[in-house]
Amino acid sequence: MKKKVYVTLQNGKTFQGYRFGAEGEVSGELVFSTNMVGYVETLTDPTNYGQILVQTFPLIGNYGVMQADMESKRAWAKAFIVREACEIPSNFRSEGTLDAFLKEQNVVGVYGIDTRELTKILREEGTMTAVISNKPSTSVDAENAEEDCVKIVAPTQRETYGAENAKYTLALLNLGTKKSIIEGFVNQNCRIVSLPATATAEEILSVGADGVVIGDGPGNPKANLDIVEEIKKLVGKTPVFGVGLGHLLFALALGADTKKLKYGHRGGNQPVKCLKCGKVYISTQNHAYEVVSETVNKGEVRFINVNDNSCEGIVYDEMNALTVQFAPDSFGVGHVDNPLYKKFFTFMKKENENA
């Protein structure tokens, strides 16, 4: 029997749908993802901590759920809203249904809602708080965007990935970095030493790595000013590759400013233009904040989002550093020589030659 459920937005509008997944009433930041596939990866990406996710593609769950596709050990989203939830997946890899997965992960699910209309509201009015409940809510209070999400999602133990005899060893400041980003570096013949978000600059440098990756993570970059202070101590001492939140924090460390986007960039089809070569790449992104390009006075804004011209990447040649807002492994898929990794490896080679 279908169970009615209501999604009430901060602007007062209410949608009626039906429950699947876990039971419960939740509130959170309502955001949308334009991925056609990858719902398991989206739900388990730590950058989605505490959010209510709306999937724009109308049919979700048709290929089931596979543990191998999880980006972390658990789901981080509070709730998942879809137009239609497939009950009978068809895929030789499938290990279960989306409904069962949401129940197991304690994620509230809602289906039967016009997600196209919901997405249009978010695009026109911006990201807002929503409440999922058994009855329409009379009022919805804004979520606290200043919460330090990194301390909640980031691993607390040191871990190592990749082969011992890899060409490069990289120290990763892990702020909640999803599995595929780590695998992207491992596939480039790198050994990754993952350190907790609380690691100091001294601890990071003590790894003796060829370079440092400042990983992705959730939340407002300005809620992590203690990490920014440690990043300042790394500048100029080692090659740096910043990804996602790492891109934002490195910019803050060098005096630039950040701000929240109207509705963020989430999905595997985000167009990014390289201002140097003019090429447009399709990238995977999942973020709500941007570096304000006009405030960048150290380094060069090299990549922008084609849709809104927001900053997507900065190259700091004098500091042997580059940072990008998107997943580097998605950049130029199918190309043997990913230009981002290639640039970072050039920085590490130059650093080694000057040592």
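Residues numbered from 1 in each chain as written. Predicted model: local features only at pLDDT ≥ 70, side-chain atom pairs only at ≥ 80, totals over all residues. Heavy atoms only, no water.

So, on to the sheet that holds strand β2 (residues 14-21). The sheet built from seven strands closes into a barrel, its strands ordered β1-β2-β8-β6-β4-β3-β9 with mixed pairing. Adjacent strand axes in the sheet meet at a mean angle of 35 degrees, parallel and antiparallel pairs treated alike. In the packing of helix α2 (residues 98-105) onto the sheet, contacts are made with β2, β6 (79-81) and β8 (108-111), and the angle to β2 comes to roughly 90 degrees. On the sheet, helix α3 (residues 115-125) packs against β1 (4-9), β2, β3 (26-33), β4 (51-55), β6 and β9 (128-133) and is oriented at approximately 90 degrees with respect to β3. (Pairing = 2+ DSSP bridges. Helix = DSSP H or I, 4+ residues; strand = E, 2+ residues; numbered from the N terminus. Axes fitted to C-alpha atoms, helices over the stretch in contact; angles between N-to-C directions. Contact = heavy atoms within 4.5 Å.)

Taken as a whole and judged by the stated rule, the model has 14 salt bridges. E23 is the salt-bridge partner of R19, the closest N and O atoms lying 3.6 Å from each other. Residue classification places R19 among the buried residues on the basis of a relative accessible area of 10%. You can call E23 partly exposed: its relative accessible area is 47%. K151 is the salt-bridge partner of D148, the closest N and O atoms lying 3.7 Å from each other. (Salt bridge = Lys/Arg side-chain N within 4 Å of Asp/Glu carboxyl O. Buried < 20%, exposed > 50% of the residue type's maximum accessible area, 1.4 Å probe, protein only.)

The next point concerns the side chain of T44. Residue position: T44 is located in helix α1 (residues 39-44). Separated by 2.8 Å, the side chain of T44 and the backbone oxygen of V40 make a polar contact. Not counting residues within four places of it along the chain, the set of residues in contact with T44 comprises M70, E71, S72, R74, A75, W76 and F101. (Polar contact = N/O pair within 3.5 Å; in protein donor to acceptor, adjacent residues only side chain to side chain.)

In the structure shown here, the tally under the stated rule is 13 aromatic pairs. Judged by centre distance (5.8 Å) and plane angle (35 degrees), the ring pair of Y18 and Y111 falls under tilted. With Y18 in strand β2 and Y111 in strand β8, the pair connects residues that are 93 residues apart, well separated along the chain. Among the residues examined, Y18 registers a relative accessible area of 22% and is labelled partly exposed. Here the aromatic rings of F185 and F241 are separated by 5.5 Å at their centres, their planes lie at 85 degrees, and the arrangement is edge-to-face. Here F241 lies in strand β14 (residues 240-243) and F185 lies in helix α5 (residues 179-186), a separation of 56 residues in the sequence. Grouping residues by exposure puts F185 and F241 together as buried. (Phe/Tyr/Trp six-rings, centres within 6.5 Å; stacked < 30°, edge-to-face > 60°.)

Bringing the pairing of β2 into the picture now. As a general feature of sheets, a regular strand has side chains that alternate between the two faces. Where β1 lies against β2, five bridges are found, and the strand directions are antiparallel. Its bridge partner being in β2, V7 is matched across the sheet by F15. Where β1 folds back onto β2 in an antiparallel hairpin, the turn is made up of four residues, including G12, whose phi is positive at roughly 95 degrees.

In this fold, L252 is placed in helix α8 (residues 245-253). Sequence separation between L252 and L225 is 27 residues, and the spatial gap between their C-alpha atoms is 8.6 Å. Every residue in contact with L252, bar those within four places of it in the chain, is listed here: P221, K222, V228, D257 and T258.

Moving on, we get to α8. Burial runs high along α8: nine of the nine residues are buried. Here α8 has its buried residues at L245, G246, H247, L248, L249, F250, A251, L252 and A253. Immediately beyond the C-terminal end of α8, within one or two residues, lies G255, with a positive phi of roughly 95 degrees.

This next bit is on the packing of helix α7 (residues 225-232) against α8. Viewed as axis vectors pointing N to C, α7 and α8 meet at an angle of 70 degrees, and their least axial separation amounts to 9 Å. Compared by their axis directions, α7 and α8 come out roughly perpendicular. Crossing handedness for the pair α7 and α8: right-handed. Across the interface between the two elements, I227, V228, I231 and K232 of α7 pack against L249, F250, L252 and A253 of α8. (Parallel < 35°, antiparallel > 145°, perpendicular 65-115°, else oblique. Left-handed = near helix turned anticlockwise from the far one by under 90°.)

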